[in-house]
Amino acid sequence: MLWVELYHYWVFAILLMIGLFGVIAKRNLVKKLVGLSLFQSAVFLFYITMGKVDGGTAPIVGMTDSTDVFSNPLPQVLILTAIVVGISTTALGLSIVVRIKEAYGSIEEDVIHEKDRAE
Amino acid sequence: MNLIEHLPVLQVILPLLSAPFCILMRGHMLAWAIAVVASGAAFAVSLSAASIVADGATLTYAVGGWAAPYGIALEVDAFSALMTMIISGASLLALIAGMASIRQQLPEEKQSLFFAAWLLAMAGLLGISVAADAFNIFVFMEISSLASYVIIAAGPHRKALGAVFKYLAMGTIGATFYLIGVGLIYLMTGTLNLDDIALRVANVSDPHPVLLAAGFITIGLALKAAVFPLHVWMPAAYNYAPHVVSAFIAACATKVSLYVLFRFDFTVFQPNLSGHEFQFGHFMMPLALIGILFGAIVAALAKDLKRLLAWSSVSQIGYIVLGASMTSEAGMTSAIIHMFNHALAKGGGFLIAMGAALYYTTTRFSNLAGLGKEHPWLSGAFVVIGCSLIGVPGTAGFISKWMLVNAALEQGGLGIFIIAVVVFSSLLAVIYVWKVVELFYFEPRPEGASSNAVVVKTPEKLLFMMVVMLVAAANVWFGIFPGEPLALASQAASMLTGGAL
C-alpha cells in the first residue's frame with residue numbers, strides 16, 4: 001500500500017490546496033492571509049518530510065557513530081529560512097490590512113471594491 | 001587585483017549594508033545621498049564586472065571561502081552582468097531624478113525608511129542576478145519582494161494598499177511555487193547549486209518529479225514576471241506606486257524573474273528533459289502572443305499615463321517571452337536585448353509621467369493636455385521614448401524588434417504568423433503613443449486645470465531634466481550603436497542555448 005506509506009506527501013498536497021483555496025476564494029483579507037500561511041506551511045512540511053529517514057538521527061560530530069543512520073539536516077536548515085520569510089510576509093500582509101482598515105473602514109474585499117468604484 | 005575577485009559579492013553587499021545607514025540618518029537629504037551613492041557604487045561595480053565578462057569569461061565567488069557545490073557560490077556571467085547593469089542603473093537614475101517627486105509624495109519623516117527599503121529591494125534584485133544557487137535565488141527574491149511591497153505601499157493614494165495586497169498574495173504564491181520546484185529538484189538530485197543540478201539531473205532515476213518541478217518553477221516565476229495571464233497584479237501596482245518607484249520597478253523587477261526563469265529552464269531542464277524545449281516553447285508562445293496584443297489594446301484604451309505605461313509593459317514582457325519561446329539562439333538574443341531596451345524605454349516613460357505629475361499633480365489624461373507648449377523638453381523626450389516603445393528605426397526599441405523578426409524568420413511558417421502579430425501590435429503601440437503625443441501637442445490646456453502641484457527647486461529640476469534627457473538620448477544612442485549591450489546579450493544567449501544542444 002504505497003499510497004498509505006506516503007501519507008505525508010498527501011498531507012502536503014491537501015494542505016497546499018486548502019491554503020490556495022483560501023487565498024483565492026475568501027473575500028476577507030485576513031482570511032486570505034490565513035490561507036497564504038497555510039499554503040506556505042504545507043511547503044515547510046514537504047521539505048521536512050523529504051529529509052527524514054526512518055530511524056535516522058541527527059548527524060553531530062562526536063556524538064554519533066559512522067554506522068548510525070542519519071536524517072538529512074539540510075532541508076530543515078533551508079526551511080528555517082523559509083519560515084522566517086513566511087513570518088515576515090504574514091507580518092507585512094497584516095500591517096497592510098491594518099492600513100486598509102484605516103483607509104477604507106473595512107477588510108471585506110467587496111466593500112473595498114465598492115468604495116473604489118464610488119470615487 | 002584583489003578587488004576584481006570580490007566584484008560579485010560587492011554588488012550585493014554595498015546596497016545591503018547601506019540600507020541600515022539610511023535608517024540611522026534622520027535627515028531625509030542624507031538618506032537620499034546614501035541611497036544615490038550606494039546605487040552609484042553598485043552601478044560602477046556592475047560596469048566593471050560587465051567589462052570583464054564581455055568576452056565570455058565568468059566571475060565566480062565562493063562566499064566565506066567554502067567552494068561550490070557545498071558552499072554558497074556567486075557567479076557573474078554576461079547575462080547576470082547585463083541584469084545588474086539594468087538594476088543598478090535604473091535605481092541610480094530614478095533616485096537622482098526623483099528628488100522633487102519623493103518630496104511631493106512622501107512625508108518627510110518617512111523618507112529615510114523609504115530609502116532603506118529601496119536599497120533592500122535593489123540588493124535583493126542584484127542578489128538574484130548574481131546567485132548561482134537555487135535556494136539563494138529564493139531568499140534574494142523574497143528580500144526584494146518584501147522590500148518592494150513596502151515601497152509600493154508608500155504611494156499616496158489608498159488604492160496603492162489594495163494593489164500591494166494583491167501583489168503580496170500573488171507574489172508569495174509565485175515564490176512558494178518556485179520553492180516547491182526547488183524542493184522537488186533537491187529531492188531528486190541532492191544539490192542546490194545550479195551547475196551541479198544541471199549535471200546531476202541527467203542521471204535521475206525517475207524524470208517525473210523533475211518535470212513537475214519544471215512546471216512549478218515555470219508557473220511560479222511567470223507569476224512574478226507578470227507574464228500574461230498572470231499579470232493581474234502588475235498594472236495596479238505600477239499605477240499606484242510612488243512615481244519614482246514605478247520608474248525603478250518597471251525597469252527591472254519583472255525582468256529579473258524572467259532572468260531566473262530563462263536561466264533555470266535553458267540550463268537545467270532543456271538539456272536534460274527530452275522534449276522540454278518543445279513543451280516550453282509551445283506553452284509560452286501562445287501566452288506571449290496573446291499578452292502582446294491584449295496589453296497593447298488595453299493600453300490604447302487607458303485614460304491615465306501611468307496606467308497606459310503599465311499595460312504597455314504587459315505587452316512588452318510578451319515580446320521578451322516570445323523571443324525566448326523560440327528556444328533558438330537568435331530568439332534568445334532578441335529576448336535579452338529587449339530586456340535592456342525595454343528597461344530604457346519604460347523607465348524613461350515613467351520618469352516622464354513623474355515629471356508630468358510634478359507640474360500638473362496627476363497623470364490623468366484630462367489634466368495633461370497642452371503639456372507640450374508649457375514644457376517642450378519634457379514632451380519632446382516623451383516623443384523619443386514613445387518611438388522607442390513602438391520600435392521606430394533609430395531607437396533602441398527597433399533593435400530588439402529587428403532581432404525578434406529575424407529570429408522569427410528562422411521558424412518557417414509559424415514565423416510569418418509571429419511577424420504578423422508583432423507588426424499588428426506595433427501599430428497598436430503607435431495608437432497608444434500617438435494618443436499621448438496628440439494630447440501633449442494638439443490639445444489646448446483645459447480651463448482651470450490644476451498645475452504646479454509642488455514648488456520644484458532649481459537644482460532638483462536641473463537634475464530631473466538632465467536624467468530625462470540622458471535616458472532619451474540613450475534610447476537613440478543604443479538604437480544607432482547597440483554594440484555593448486548587444487554583445488553581452490548574444491554572449492548570454494549563446495551560453496544559454498549552447499547548454500540546450
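For the structure, see preceding data.
Just so you know, these numbers come straight off a predicted model, no measurement behind them.

S.K.: Give me the lowdown on the overall build of chain B, citing residues and values where you can.
M.R.: Within chain B one finds 21 helices and two strands. Here chain B has a C-alpha radius of gyration of 22 Å; the compact-globule value for 501 residues is 23 Å, and the two agree. Across its three principal directions, the C-alpha atoms of chain B cover 75 × 55 × 40 Å. For chain B, contacts bridging at least 24 residues in sequence account for 79% of all contacts bridging at least 6. Roughly 17,100 Å² of accessible area belongs to chain B as shown, and the carbon and sulfur atoms make up 71% of that amount. The averaged location of the 22 negative side-chain charges in chain B is 16 Å from the averaged location of its 21 positive side-chain charges.

S.K.: Which residues make up the layout of surface pockets, and what are the values?
M.R.: In this structure, the largest pocket occupies an estimated 1,300 Å³ of space. Counting residues per element, the ones that place at least two in the lining of the largest pocket are helix H2 (7-25), helix H3 (29-51), helix H4 (74-104) and helix H5 (109-118) of chain A together with helix H8 (159-189), helix H10 (208-224), helix H11 (234-240) and helix H14 (305-325) of chain B. If one sorts the elements of the lining of the largest pocket by residue count, H8 of chain B sits on top with nine residues. Residue composition of the lining of the largest pocket, by class: 23 nonpolar, nine polar and 11 charged. One number sums up the size of the second largest pocket: a volume of about 520 Å³. Along the wall of the second largest pocket there are 25 residues; nearest its centre are Phe-43, Gly-89, Leu-93, Phe-340 and Leu-344 of chain B. Of all the secondary structure elements, the ones that give two or more residues to the lining of the second largest pocket are helix H3 (28-53), helix H4 (78-97), helix H12 (243-272), helix H15 (329-360), helix H20 (458-480) and helix H21 (483-500) of chain B.

S.K.: How would you explain the interface of chain B and chain A if you had to name every residue and give the values?
M.R.: Chain B puts 29 residues into the contact, and the matching count from chain A is 35 residues. Taken together, the two surfaces of chain B and chain A that pack against each other cover about 2,900 Å², and 79% of this comes from carbon and sulfur. Linking chain B with chain A are zero salt bridges. Linking chain B with chain A are five residue pairs in polar contact (both at pLDDT 80 or more), by the criterion used here. Taken together, the elements giving at least two residues each to the side of chain B that touches chain A come down to helix H7 (134-153) and H8 of chain B. At 18 residues, the largest contribution of residues to the side of chain B that touches chain A is made by H8 of chain B.

S.K.: Please provide a residue-by-residue account of the packing of H8 of chain B against H10 of chain B, values included.
M.R.: Residue and element names in this part refer to chain B. Two numbers describe how H8 lies on H10: the axes approach to 7 Å, and their chain directions differ by 160°. On the basis of the axis angle, H8 is roughly antiparallel to H10. Between H8 and H10 lies a crossing whose hand is left-handed. Its residues assigned to classes, the contact of H8 with H10 shows 19 nonpolar, four polar and one charged.

S.K.: Residue-level account of the pattern of salt bridges, with values.
M.R.: Residues and elements named next belong to chain A. Taken as a whole and judged by the stated rule, the model has seven salt bridges over all chains. A salt bridge links Arg-27 to Glu-109; the nearest nitrogen and oxygen atoms lie 3.1 Å apart. Taken together, the positions of Arg-27 in the loop between H2 and H3 and Glu-109 in helix H5 put the pair 82 residues apart, joining distant regions of the chain. Here Lys-32 makes a salt bridge to Glu-109, at a shortest N to O gap of 3.7 Å. Of this pair, Lys-32 sits in helix H3 while Glu-109 sits in helix H5, placing them 77 residues apart in sequence. Neither Lys-32 nor Glu-109 differs from the other in exposure class; each is buried. When salt bridges with common partners are traced through the structure, they connect Arg-27, Lys-32, Glu-109 and Asp-110 into a single cluster.

S.K.: Mind laying out the packing of helix H13 (residues 276-301) of chain B against H14 of chain B, listing which residues take part and the relevant values?
M.R.: Each pair of packed helices gets described by two things: the angle between the helix axes and the distance between those axes. Residues and elements named next belong to chain B. Closest axis-to-axis distance for the H13/H14 pair is 7 Å, and the angle between their directions is 155°. Compared by their axis directions, H13 and H14 come out roughly antiparallel. Classified by chirality, the crossing of H14 by H13 is left-handed. Within the contact of H13 with H14, the residues separate by chemical class into 17 nonpolar, seven polar and no charged.

S.K.: Outline the side chain of Thr-189 of chain B, supporting the account with residue identities and numerical values.
M.R.: Among the structural elements, Thr-189 of chain B can be located in helix H8. Those residues within four positions of Thr-189 of chain B in sequence are excluded, and the remaining contacts are Ile-197, Arg-200, Val-201 and Val-204 of chain B.

S.K.: Before we move on, can you summarise the nonpolar core with the specific residues and values?
M.R.: All names here are of chain B. By size, the foremost hydrophobic cluster in this structure holds 226 residues, and its most contacted members are Tyr-178, Phe-248, Leu-258, Phe-262, Phe-264 and Leu-322. Per-element tally for this core: the top contributor is H12, with 19 residues. In this view, Phe-264 contacts Ala-134, Tyr-178, Ile-185, Leu-194, Ile-217 and Phe-269; residues no more than four positions away in its chain are not counted.

Conventions and cut-offs
- Residues numbered from 1 in each chain as written.
- Chains lettered and ligands numbered in written order.
- Predicted model: local features only at pLDDT ≥ 70, side-chain atom pairs only at ≥ 80, totals over all residues.
- Heavy atoms only, no water.
- Helix = DSSP H or I, 4+ residues; strand = E, 2+ residues; numbered from the N terminus.
- Rg over C-alpha atoms; globule rule 2.2 N^0.38 Å.
- Contact = heavy atoms within 4.5 Å.
- Areas by Shrake-Rupley, 256 points an atom, 1.4 Å probe, with all protein chains shown as cover.
- Lys, Arg positive; Asp, Glu negative; His and termini not counted.
- Charge placed at Lys NZ, Arg CZ, Asp CG, Glu CD.
- 1 Å grid on protein atoms, 1.4 Å probe; cavity = no way out; pocket = protein on both sides within 12 Å on 5 of 7 lines; lining within 4 Å.
- Points joined across faces, edges and corners; volume = space filled by probe spheres on them.
- Nonpolar A, V, L, I, M, F, W, Y, C, P; charged D, E, K, R; others polar.
- Buried area = accessible area lost by both parts, 1.4 Å probe.
- Salt bridge = Lys/Arg side-chain N within 4 Å of Asp/Glu carboxyl O.
- Polar contact = N/O pair within 3.5 Å; in protein donor to acceptor, adjacent residues only side chain to side chain.
- Axes fitted to C-alpha atoms, helices over the stretch in contact; angles between N-to-C directions.
- Parallel < 35°, antiparallel > 145°, perpendicular 65-115°, else oblique.
- Left-handed = near helix turned anticlockwise from the far one by under 90°.
- Buried < 20%, exposed > 50% of the residue type's maximum accessible area, 1.4 Å probe, protein only.
- Core = buried A, V, L, I, M, F, W, Y, C linked by side-chain atoms within 4.5 Å.

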